[in-house]
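# Descriptive analysis of the structure
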Amino acid sequence: MGFVVFFQHWIYTKRRIFGASISVDLPMILKISHFETGGIPMKVGILTSGGDCQGLNSALRGVAKSLFIHFGKEVEIYGIRDGYRGLIYGDIHRMCYDDFSGILTLGGTILGTSRQPFKTMCTPLEEFSGKTKLDKMLEHYKKYKLDCLVILGGNGTHKTANLLSQNGVNVI
């Protein structure tokens, strides 16, 4: 989990120096993670959550293509369908470079999105035999052996991202 601490420190330092508007060098951050994994291909999960908005496909494309260009065969990207719903129910599939081509002019998000209210994340549900949505997300994160999640969305999305981070998930 060292690269997450580095990332948080890097963001804090850049914001202090340059203000709130900064760009994140995701490949640089993940190179540190890759170094920590001993050369085993990194597994990066990516999801879009919350309400639909402009630029989600552009952001997906930018993240994915940057990772593929910098790491080639040493990275595996897993698309998580319909935001946190896909992470809760395990609707996760491996994606390739070509999956992110020709999406700039498409509306919405190629992964889909859904709203999963933050306040329901820690409520035990009969559907999951008393487990919470958080438990199910952590279970699938571990099942797919993901090294980190790239989460795109707004305030509510990032509340849940923070909850995942507090429970040991590497979130970018």
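Everything that follows concerns the structure shown earlier in this document.
Since this is a predicted model, take the numbers as computed values, not measurements.

So, on to the sheet that holds strand 1 (residues 42-48). Spatially, the four strands line up as an open sheet ordered 3-2-1-4, and their pairing is mixed. What marks the edges here is a single partner per strand, and that holds for strand 3 (92-95) and strand 4 (148-152). On average, each strand axis in the sheet is tilted by 30° relative to the strand beside it, whichever way the strands run.

Below, the discussion takes up the side chain of His-140. Relative to the helices and strands, His-140 resides in helix 5 (residues 133-143). Side-chain polar atoms of His-140 contact the backbone oxygen of Leu-87, separated by 2.9 Å. Once residues within four sequence positions are removed from consideration, His-140 is found in contact with Leu-87, Ile-88, Tyr-89, Gly-90 and Ile-92.

With that settled, consider helix 3 (residues 56-71). For helix 3, with 16 residues, the first-to-last C-alpha span of 22 Å sits near the 22 Å given by 1.5 Å per residue. Within helix 3, burial applies to Leu-56, Asn-57, Leu-60, Val-63, Ala-64, Lys-65, Leu-67, Phe-68 and Phe-71. In the stretch just after helix 3, Gly-72 is the one whose phi turns positive, near 55°.

Turning to the nonpolar core, a few remarks are in order. Grouped together as the largest cluster of nonpolar side chains are 21 residues, with contacts concentrated most on Tyr-84, Leu-87, Met-137, Leu-149, Ile-151, Leu-164 and Val-169. The biggest single contributor to this core is helix 5, with four residues. Core analysis: the second largest hydrophobic core is formed by 20 residues, Leu-60, Phe-71, Val-75 and Met-95 among them.

Looking now at the packing of helix 5 against helix 6 (residues 155-166). A pair of packed helices is captured by two measures, namely the crossing angle of their axes and the spacing between those axes. The interhelical angle for the contact between helix 5 and helix 6, taken along N-to-C directions, is 65°, at an axis separation of 11 Å. Helix 5 and helix 6 meet at a crossing whose hand is right-handed. Of helix 6, the residues touching helix 5 (which contributes Leu-134, Met-137 and Leu-138) are Thr-160, Leu-163 and Leu-164. Here the contact of helix 5 with helix 6 is composed, by residue class, of five nonpolar, one polar and no charged.

Looking now at the environment of Leu-134. Structurally, Leu-134 can be placed in helix 5. By relative accessible area, Leu-134 is classed as buried at 7%. On a C-alpha basis, the gap between Leu-134 and Leu-164 in space is 7.5 Å, while along the polypeptide they are 30 residues apart. Beyond its immediate stretch of four places on either side in the chain, Leu-134 contacts Met-121, Cys-122, Leu-163, Leu-164 and Asn-167.

Calculation rules
Residues numbered from 1 in each chain as written. Predicted model: local features only at pLDDT ≥ 70, side-chain atom pairs only at ≥ 80, totals over all residues. Heavy atoms only, no water. Pairing = 2+ DSSP bridges. Helix = DSSP H or I, 4+ residues; strand = E, 2+ residues; numbered from the N terminus. Axes fitted to C-alpha atoms, helices over the stretch in contact; angles between N-to-C directions. Polar contact = N/O pair within 3.5 Å; in protein donor to acceptor, adjacent residues only side chain to side chain. Contact = heavy atoms within 4.5 Å. Expected span 1.5 Å × (residues − 1). Buried < 20%, exposed > 50% of the residue type's maximum accessible area, 1.4 Å probe, protein only. Core = buried A, V, L, I, M, F, W, Y, C linked by side-chain atoms within 4.5 Å. Left-handed = near helix turned anticlockwise from the far one by under 90°. Nonpolar A, V, L, I, M, F, W, Y, C, P; charged D, E, K, R; others polar.

Geometric descriptors of this kind do not, in isolation, establish any biological role.
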